[in-house]
There are 2 protein chains.
Amino acid sequence: MDALLQSLADIVGWEHVLTRPDEIEPYVVDWRGRYRGAARAVVRPGDASAVAAVVRACARAGVPMVPQGGNTGLCGGATPLDDGRAVVINLSRLNRIRQIDTANNTLCAEAGCTLAAIQAAAEEAGRLFPLSLASEGSCEIGGNLSTNAGGVQVLRYGNTRELTLGLEVVMPDGELWNGLRGLRKDNTGYDLKQLFIGAEGTLGIITAAVLKLFPAVRQRTTAWVSVPDPAAAVSLLSRLRGACGDRVTAFEIVGRSALELVLHHMPGARDPFPGDGAWAVLVELSDTVADGGLAELLENELGLAVEAGLIEDAVVARSLTQMKALWGLRENISEAQRIEGISIKHDVSVPVSAIPHFLAEADRRLKEVWPDVRIVAFGHIGDGNLHYNLSKPNTLDNNGFIAKTGEVNRIVHDLVVDLGGSISAEHGLGQLKREEVLRYKAPLEMHLMRAVKRALDPAGLMNPRKVL
Amino acid sequence: MDALLQSLADIVGWEHVLTRPDEIEPYVVDWRGRYRGAARAVVRPGDASAVAAVVRACARAGVPMVPQGGNTGLCGGATPLDDGRAVVINLSRLNRIRQIDTANNTLCAEAGCTLAAIQAAAEEAGRLFPLSLASEGSCEIGGNLSTNAGGVQVLRYGNTRELTLGLEVVMPDGELWNGLRGLRKDNTGYDLKQLFIGAEGTLGIITAAVLKLFPAVRQRTTAWVSVPDPAAAVSLLSRLRGACGDRVTAFEIVGRSALELVLHHMPGARDPFPGDGAWAVLVELSDTVADGGLAELLENELGLAVEAGLIEDAVVARSLTQMKALWGLRENISEAQRIEGISIKHDVSVPVSAIPHFLAEADRRLKEVWPDVRIVAFGHIGDGNLHYNLSKPNTLDNNGFIAKTGEVNRIVHDLVVDLGGSISAEHGLGQLKREEVLRYKAPLEMHLMRAVKRALDPAGLMNPRKVL
């Protein structure tokens, strides 16, 4: 009998200590099936003190731990390695919303709450929790915090980091830190929560968080804009932000090839400007004021932009149906690309001012070495984050295509970093970019990260070989 | 000849190595004259590489270092201790604005730039840098970053931390870390800059930062509101934020005794509602839209609040002069209190929802032990931060009054922490609250802070005995 397993069962009960291969399968493979690991056990604690006790037991036994939430990550950060030594600690049972304080505009949620559940609770309380991702029905806030998730509203509301006021974290030795403060001003020492946010579970296990709430949105208006090139899109963003300020909530760019994949594969999708435009922008304004003339404001500004020759055409959605149709053109790109075939993906960011140059230059450099490359570019241009993907051309088979990944990464990532950008804007490092990042991070920065890791997890048992 | 001084002069020149008592006087005393220290020398490097070289020299010699900017801090964090061992490293010569990127909405400034200079540069570029403090004419951004300064617009724009995208920092061993990225999305490892922000110079010396810019404000409207009690103020805040959203830029509470000090001591000050109201609120909305009907919106919402019996009366400023007069009633409280005599000050925060209870209960507990206590309460109620000060009553002399500080702190701070608040909302710990915070911080949190300090500054030479 495995003594560790017995002590884990003493904490959570045998029904929450999984060891049979069929039981643990969903926990040791990532949701896209790219990373497969093995685990000594999968444990499902029911509350923070159980998490602490589980960690204590594993730490005492010198057993590595892999924290896991909704298992929707894209870099294998929540998948155990294949040595089978680790215990996967799944947080999904910590799904209570502990408190909502509307006067203070805070919500305290346990790590296993799905993002959708938190959004719903905020809405029910007459507020908005603005973090919004494609996977929100299954991703959990602990994972969002650990990866500092972004999404489509970062332009207005910031990343998960900017939405967090306090954390409760189980340290690698099992100590429970209660840092659950709901204060917007607190200068009593180092802001320790910032270390755990975005640390991808390598410094401790987040068990709860105090999140910021915002006033409910009463009005949204969406427009699809045809622009001649990315530079026009960047100029339009400046104009709209200057005129409409914080109302600008989303600003997405969609390249022609990305749009065509959607028109081709998604039934009912229609191009607002058939045949026109190499690039399109999806822009959304929102406001708390119900009758704030938002659509008129947007129409007016877009009209001025057309008159100025900056953009070619624009249509403002006149109904909720039309708004959803426009958003569908953007939101279905990933699915359309998946149906089309395999692709090499990049999740990069550059300063907004560098986007036009990046897109033109990356295109040029890739076509130099690979003339029939199919570039599918789209993304959150408002915050500098682009999904710059390559779809497989017909001239290659799958293996031949994937074999080009290293060469393609070199070209794209080198350019991104030259422009002061990041090779992982949203998704984190996990296992996927752990080595790639070494090419680009200053040695001093890696040294500091390792110093922090050693200080907080001297035994190196917390999600080893992820990030670092 | 002091070999260290020679090596420092080799880096910056003798004109920037100060040792004569009359020369170093302004650098070893804080601006309020409360902390007086002594220094081996005051050094004024001219750029980041000089700072790095100076730090390297001091580190090699085992000499402690005290980073200093505009020396406007309120906790003695930038004042050397009186053992005279330290070298004060003053950053004021690093005063270049290195870059402004309006499309990316970023500004890169060296640590010695005054906040006012940065605000002006942003304005000239058609943007807004929203950090705003009383000392902005002389405080420097390096100090603002090191103390995570707040100010009056935190409700809308956040603290200095939320305004920072990248840092350049000289490590305690003299290594220069260039983390000057201007990206809103970057998930490539631990967010190291977060450690240095608010660390009060104890982990390294900030030499430059990339700051966020915002759209220029084209319209502001200000109102003075008479409310029956703090609970009404908190309710009004919720109503206004719900109706006006991000337009709400400032929301300050002014207690009757605070207002009366201003009316008494500041020539020309006039009470908008003579004789009425125990409490007043100063609220400001702002917008990028020039003709957005802001004054009408505020008037409308305040009218509804009067009708609902929530507030007693309100006046919306009709001119810039009137707007400045209203802001004067709030901004002159500190000066008026200083003219009145000495005071015991608190810079605390509690969840906004707890403000009414805090004010009532703190009053009650203080009057229990000190019936003729004179409480002067005012502050940034919108973000939970109150300046809860006690003016000396006529029945005590100065020494007798100050002697009560410990007892008063115990009552006020105990209550603040019980309510989930912070004993230093804006000003940091420095020397002033270094011991006081130990009463209230969890031992695990102090342990983590020391672990971080040891990891980044193993020799313990960077601003010793501040914060920790």
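Residues numbered from 1 in each chain as written. Chains lettered and ligands numbered in written order. Predicted model: local features only at pLDDT ≥ 70, side-chain atom pairs only at ≥ 80, totals over all residues. Heavy atoms only, no water.

Chain A is annotated in an unreviewed UniProt entry as FAD/FMN-containing dehydrogenase of Azoarcus indigens. What UniProt states about chain A under its Cofactor (unreviewed entry) heading is, verbatim, "FAD". Taken verbatim from the UniProt record of chain A, the Sequence similarities (unreviewed entry) comment is "Belongs to the FAD-binding oxidoreductase/transferase type 4 family." (UniProt positions renumbered as here; feature names shortened; annotations may be inferred.)

1. Comments concerning the overall build of chain A
When you go through chain A residue by residue, the secondary structure sums to 16 helices and 19 strands. A compact globule built from 468 residues should have a C-alpha radius of gyration of about 23 Å, and chain A, at 23 Å, falls within 12% of that. Expressed along its principal axes, the backbone C-alpha trace of chain A runs to roughly 75 × 55 × 45 Å. Counting over 468 residues, chain A shows a buried share of 60%. Contacts in chain A between residues far apart in sequence, at least 24 positions, make up 73% of those at least 6 positions apart. Of the roughly 17000 Å² that chain A leaves accessible, carbon and sulfur atoms contribute 50%. (Helix = DSSP H or I, 4+ residues; strand = E, 2+ residues; numbered from the N terminus. Rg over C-alpha atoms; globule rule 2.2 N^0.38 Å. Buried < 20%, exposed > 50% of the residue type's maximum accessible area, 1.4 Å probe, protein only. Contact = heavy atoms within 4.5 Å. Areas by Shrake-Rupley, 256 points an atom, 1.4 Å probe, with all protein chains shown as cover.)

2. Observations regarding the relation of the copies chain A and chain B
Taken as rigid bodies, chain A and chain B are interconverted by a rotation of 180 degrees and an axial shift of 0.0 Å, the fit giving an RMSD of 0.0 Å. As the rotation angle and translation indicate, the two copies are arranged about a two-fold axis. When the interface residues of chain A are mapped onto chain B, 100% of them again lie at the interface, so the same face is used by both copies. (Least-squares fit on C-alpha atoms with pLDDT ≥ 70 in both.)

3. Some words on the side chain of B:Gln119
Residue and element names in this part refer to chain B. Within the secondary structure, glutamine 119 sits in helix α4 (residues 115-124). Looking at glutamine 119, the relative accessible area reads 17%, which means it is buried. When sequence neighbours within four positions are dropped, the list of residues in contact with glutamine 119 reads Phe129, Leu131, Ser132 and Glu136.

4. Quick notes on the sheet that holds strand β2 (residues 41-43) of chain B
Residue and element names in this part refer to chain B. Strand order in the open sheet formed by four strands is β1-β2-β4-β3, and the pairing between neighbours is mixed. Strands at the two margins of the open sheet, each flanked by one partner only, are β1 (17-18) and β3 (65-68). With four bridges connecting them, β3 and strand β4 (residues 87-90) associate as parallel partners. Counterpart to valine 66 in the pairing with β4 is valine 88. (Pairing = 2+ DSSP bridges.)

5. Details of the domain arrangement of chain A
All names here are of chain A. Annotation of chain A at the domain level lists domain 1 (3-90), domain 2 (97-215), domain 3 (219-334) and domain 4 (341-426). Look at where the C-alpha atoms of domain 3 and domain 4 centre, and you get two points 23 Å apart. Along the contact surface separating domain 3 from domain 4 lie zero salt bridges. For the pair domain 3 and domain 4, the number of links is six residue pairs in polar contact (both at pLDDT 80 or more). Of all the elements in the fold, those that place two or more residues in the side of domain 3 that touches domain 4 are α8 (230-244), β13 (248-255), α9 (256-265) and α12 (333-340). Its residues assigned to classes, the side of domain 3 that touches domain 4 shows 12 nonpolar, three polar and two charged. (Domains from an automatic or database assignment. Salt bridge = Lys/Arg side-chain N within 4 Å of Asp/Glu carboxyl O. Polar contact = N/O pair within 3.5 Å; in protein donor to acceptor, adjacent residues only side chain to side chain. Nonpolar A, V, L, I, M, F, W, Y, C, P; charged D, E, K, R; others polar.)

6. Quick word on the UniProt feature "domain: FAD-binding PCMH-type" (unreviewed entry) in chain A
Per the UniProt entry, the sites bearing "domain: FAD-binding PCMH-type" (unreviewed entry) are residues 35-216 of chain A in this numbering. Secondary structure content for residues 35-216 of chain A is 20% helix and 24% strand, while the C-alpha to C-alpha distance between its ends is 39 Å.

7. Quick look at the packing of aromatic side chains
For the coordinates displayed, the defined rule picks out eight aromatic pairs over all chains. Judged by centre distance (5.8 Å) and plane angle (50 degrees), the ring pair of A:Trp370 and A:Phe401 falls under tilted. One end of the pair, A:Trp370, is in the loop between α13 (355-369) and β18 (374-380); the other, A:Phe401, is in helix α14 (residues 398-402), and 31 residues separate them in sequence. With a centroid separation of 5.2 Å and 65 degrees between ring planes, the pair formed by B:Phe358 and B:Tyr388 is classed as edge-to-face. Residue B:Phe358 is located in helix α13 (residues 355-369), and its partner B:Tyr388 is located in strand β19 (residues 385-391); the two are separated by 30 residues in the primary sequence. Its guanidinium or amino end placed over the ring of A:Trp370, A:Lys404 lies 4.9 Å from that ring's centre, counting from NZ or CZ. (Phe/Tyr/Trp six-rings, centres within 6.5 Å; stacked < 30°, edge-to-face > 60°. Lys NZ or Arg CZ within 6 Å of the ring centre and 35° of its normal.)

8. Description of the confidence of the model for chain A
Per-residue pLDDT for chain A averages 95, and the proportion of residues at 70 or more is 100%. Overall fold confidence for the complex sits at a pTM of 0.96, while the interface term, ipTM, reaches 0.95. (pLDDT = per-residue confidence, 0-100.)

9. Structural notes on the environment of A:Leu176
All names here are of chain A. With respect to the secondary-structure elements, leucine 176 resides in strand β9 (residues 176-179). Judged by its relative accessible area of 36%, leucine 176 falls in the partly exposed class. Along the primary structure leucine 176 and valine 55 are separated by 121 residues, whereas in three dimensions their C-alpha atoms are 10.0 Å apart.

10. A short note on the interface of chain A and chain B
In this assembly, 82 residues from chain A lie in contact with 82 residues from chain B. Taken together, the two surfaces of chain A and chain B that pack against each other cover about 6500 Å², and 56% of this comes from carbon and sulfur. Inspection of the region where chain A meets chain B yields 12 salt bridges. Here B:Asp287 and A:Arg247 are joined by a salt bridge, their closest N and O atoms 2.6 Å apart. At the junction of chain A and chain B, the tally comes to 50 residue pairs in polar contact (both at pLDDT 80 or more). Breaking the side of chain A that touches chain B down by element, the ones donating at least two residues are α6 (154-157), β9, α7 (193-196), α8 and α16 (443-456) of chain A. (Buried area = accessible area lost by both parts, 1.4 Å probe.)

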